[in-house]
Structures are given as structure tokens and as C-alpha cells.
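# A closer look at the structure
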Amino acid sequence: MRTVLAREMGGYNVLGRIWGVWRRRPGVRAVPKAPGFGTEAGHRLRPRGSSKRSRPLGGQPFPGLLQLENLSREELVDVLRAAVVDQKGPLVTLNKPPGLPVTGKPGELTLFSVLPELSQSLGLGDQELQVVQASGKETSGLVLLSSCPQTASRLQKFFIYSRRAQRPTATYCAVTDGIPATSEGKIQAALKLEHVDGVDLQQRGSGLRCQVCVKLVHSWGLTPQVIPVKSPSRKDFQEGVKRTLSHFHVVAMGSGCALVQLQPLTVFPSQLQVHMVLQLCPVLGDHTYSARVGTVLGQRFLLPAESTKPQRQVPDEALLRRLCLTPSQAAQLPLHLHLHCLHLPGMRPGEAPMKLLAPLPSYFSRTLQCLGLHQQ
């Protein structure tokens, strides 16, 4: 199997072939890896910098974040060109910074809007790149592009077939506020898209795929929310409710948080964030769905999703101290969800499958250091 290592700013971050043995400290437990899950897609993540606890942050609390509003089209193309992981034949793979939307309204600066310039910058001429696989705006990590429509179609069919066979092709890393009750398992939920004020998007976009619904939502100027549906009926599924499934595996835990490996087996907007909320362990930096987890006398519970509006995630005082953040800085905490690994088939008959890897953003690595989630 060919392994491609993602390039980091200032050098290369070499990722191992397994999740490492995590350094144990008081209050920190390393979870043993269970056989049969995560052995292919799990890889060692190497946080950069000193293993000592980080000092309080200054004016730039989260290094490595993309300030999209300050970038021109040309500067964004330069950023994306520097983020190229691998370019082989028609395939181009990026390590996307968080905060960059893939699509958006006409005139907005997005990945899709600069693909013509990026294609020219990479020497592809008239072969314009198209998006094959990408995650959401706030998620960092791998993005797969292709300059060949036939290759893009083949890969899309590979991803669809893999999902039907329940074979994971993507592995995400997440830091969660809270520790799942079990060290590994699967999360199943029926989900639907709904306007934050209760206008059901499925009534406007009945039968459309969820990606198309999201585009329509943005064009209407609405705020989409993902809502779990208990005991969905046949009519619910006809109107756009979808069954979703993810695997999770806790890699390390400490300071009331966990480093979790996530493998989605279905595709739905914000699926992984909502699934972790259902485990009462929202992803750190989730300023959309974490408000659905309430706490009374130290006990967590789910609030009604339909009536709970998004709000900034507020870590408790102990976690703020561990992260060396002020409350105002915590309000800017980026989403700690990173697409770390993609498995692809060989591009030619007899060619070995590929494994694409991307290192963590700097702020993600710093969080691991602050929480004591270190590997040996």
C-alpha cells in the first residue's frame, strides 16, 4: 500500500503506521486498541513542539487558522498550492485549513471558486479540477480533487460502494469535551435538515440529496440545522430523513476530554458533530451543536434539538485553565475535527491502494499538549 505524507508549514510531519502508545500521566489513561477497528486507518499523530504545558496565548490564540476575510483570490490560491499533499496523474490532494468553505454563495471566496486558478497554478492547463471528496467549512484535513471527469466518477462510485459494504474510507481525529461511556462502538441516528427557526427544509427540497439541500439553504439565506429524528416513519424517509452510522474509537483520555478516532459510514452534513453530541461528548470548538448538551450537578443530558439554538461553546473553568485560554478566546475556539486519512483504490489495474495522510493543524496539536494527550 502506497502511503502519502502530507506536507506541513516549515517541513514534513512523518506519520507512523499505527496510533502510538500514549504517555500516561496522573488523570490520563491510554485506551488499548481493540482488534478489528482502526488497525488500517489508524496512524500516529505527532503533536509538534515541546511536551511541556503551553503558556497562555497572546494576540494569536490559535496559530494556523485561515483568515479568509483578509485574503485575496491570488493569496488563497497560494495557500492551497502550498497545502498540496500529493499530485499524481489527474489526482490532486490538499490538506485543507479550517475555515475554508468548499462551496458558497456567488461571489464568495471558496475552494470551488478558485479551482480554475489553482488548476492553472498546478500546470494542469485546460484540465480544470473538480471536487471528489471534501469535508465541511470548519473541518480541517484532506480534500481530494481530480482533473479527469472519468477518474472523479470512478472514485465516487468507489466511495458509494464502500459505504454500501460498510467499509470505512475516511478517518477523522477529534478532541471531545467529555469522554464517551465506552471505548469504542457505533453511533446510529436518523437525521434531517431543518431551519433553525423550525422551517422544515425537506418540504422545500423534498427528494434532493443533502448536499443540494445545503446549497439551496445558503441561497435562501437560511441557517441549516441537523436534527435527530426518533422512530422515523416511512413518510419521514420519503421527505429526506436519512439513517446515519459512524464508528468511534477512543484513543486517549485525560482532563475530562478524549482524543477520538471517527469513521463515518454514511454522508450527512455535520454527521460526526451531531453523533458526538448524542454521546454527550461534543467536539471541542463545536459552536453549533454543543449547546444541546446540558449539565446539572455534574450530570450531562440532552436538551431538545428542535428548541435549542446554536451558541458559543463554553468550556468549564478547569478546561479553560488546562487550555490556557480566556473566556473570550474560548469563544473563538476552532472545531477540533480533522480528516486525517483517506483510503483510495489503485488508479491502474494491479496498482496498490493508496493511503493519504494529513498532519494535524498547529492549534490541534497544541490542544493535545495542554490536555496531556501525548504519545511516547
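Looking at an unreviewed UniProt entry, one finds the protein chain named Mitochondrial mRNA pseudouridine synthase RPUSD3 isoform X1, with Acinonyx jubatus as its source organism.

### Structural notes on the overall build of the protein chain
Scanning the protein chain from N- to C-terminus turns up 10 helices and 17 strands. Counting only residues that meet the buried cut, the protein chain has 51% of its 376 residues in that class. Considering only contacts within the protein chain whose residues lie at least 6 apart along the sequence, 72% involve residues at least 24 apart. With the model as given, the accessible surface of the protein chain reaches about 17900 Å², and the carbon-plus-sulfur share is 52%.

### Focus: the pattern of salt bridges
If you walk through the whole model with that rule in mind, you get 4 salt bridges. A salt bridge links Lys-88 to Glu-351; the nearest nitrogen and oxygen atoms lie 3.1 Å apart. Taken together, the positions of Lys-88 in strand E5 (residues 84-88) and Glu-351 in the loop between strand E16 (337-344) and strand E17 (354-357) put the pair 263 residues apart, joining distant regions of the chain. Where Arg-300 meets Asp-177, a salt bridge forms, and the shortest distance between an N and an O atom there is 3.2 Å. One end of the pair, Arg-300, is in strand E15 (residues 299-302); the other, Asp-177, is in strand E9 (residues 170-177), with 123 residues separating them in the sequence.

### Concerning the environment of Gln-150
Relative to the helices and strands, Gln-150 resides in helix H3 (residues 149-164). The spatial distance from the C-alpha of Gln-150 to the C-alpha of Pro-90 is 9.8 Å, given a sequence separation of 60 residues.

### Quick look at the side chain of Glu-194
Relative to the helices and strands, Glu-194 resides in strand E10 (residues 184-195). A polar contact of 3.0 Å, which involves the side chain of Glu-194, links it to the side chain of Lys-192.

### Some points on the nonpolar core
Within the largest apolar cluster, 30 residues are counted, with the highest numbers of intra-cluster contacts made by Leu-142, Leu-144, Leu-155, Tyr-172, Leu-262, Leu-337 and Leu-344. At the level of elements, strand E8 (140-146), H3, E9, strand E12 (242-254), strand E13 (257-264), helix H7 (271-278), E16 and E17 are the ones that each hand at least two residues to this core. Element by element, the count of residues in this core is highest for E16, at 4 residues. In this structure, Leu-344 is in contact with Leu-91, Leu-144, Leu-155, Phe-158, Phe-159, Pro-353, Met-354 and Leu-356, ignoring residues within four places of it in sequence. If you look at the next biggest cluster of nonpolar residues, it comprises 21 residues, including Val-251, Leu-323, Leu-325 and Phe-364.

### Section: the confidence of the model for the protein chain
Per-residue confidence for the protein chain gives a mean pLDDT of 81; residues scoring 70 or more make up 76%. Taken element by element, the protein chain is modelled with least confidence in strand E3 (residues 11-12), mean pLDDT 31, and with most confidence in H7, mean pLDDT 98. Segment residues 46-58 is flagged for pLDDT under 50; beyond a separation of four residues in sequence, or across chains, it makes 33 contacts in the model. With pLDDT under 50 throughout, residues 198-221 is counted as low confidence; its partners more than four residues away or in other chains account for 38 contacts.

### Overview of the pairing of E17
Burial of E17 is two-sided: the residues Met-354 and Leu-356 facing one way and the residues Lys-355 and Leu-357 facing the other way are all buried. Sheet topology places E16 next to E17; 4 bridges connect them, and they run antiparallel. Following the sheet pairing, His-343 is matched in E17 by Lys-355.

Definitions and cut-offs
Position numbers for residues start from 1 in each chain and track the written sequence from start to end. Local features are withheld for residues below a pLDDT of 70 in this predicted model, meaning they are given only at 70 or higher, and side-chain atom pairs are given and counted only at 80 or more; totals for whole chains, interfaces and linings count all residues. As a convention, hydrogens and water are excluded, and side-chain values are obtained from all of the structure's heavy atoms. Think of it this way: any DSSP run of H or I at least four residues long counts as a helix, any run of E at least two long counts as a strand, and we number them from the N terminus. Each residue gets one of three labels from its accessible area relative to the maximum for its type: buried under 20%, exposed over 50%, partly exposed in between, using a 1.4 Å probe on protein chains only. We call two residues in contact when some of their heavy atoms are within 4.5 Å. For accessible areas, the Shrake-Rupley method is used with a probe of radius 1.4 Å. Any residue's cover is judged against the shown protein chains and nothing else. For salt bridges, the criterion is a side-chain nitrogen of Lys or Arg within 4 Å of an Asp or Glu carboxyl oxygen. Polar contact is defined as a pair of N or O atoms within 3.5 Å, subject to the rule that within protein one atom must be able to donate a hydrogen and the other to accept it, and that residues adjacent in sequence are counted only when both atoms are side-chain atoms. What is meant by a nonpolar core is a set of buried Ala, Val, Leu, Ile, Met, Phe, Trp, Tyr and Cys residues, joined one to another through side-chain atoms within 4.5 Å. The pLDDT value expresses, per residue, how confident the predictor is, ranging between 0 and 100. Here, a strand pair is defined by DSSP locating no fewer than two bridges between the strands.

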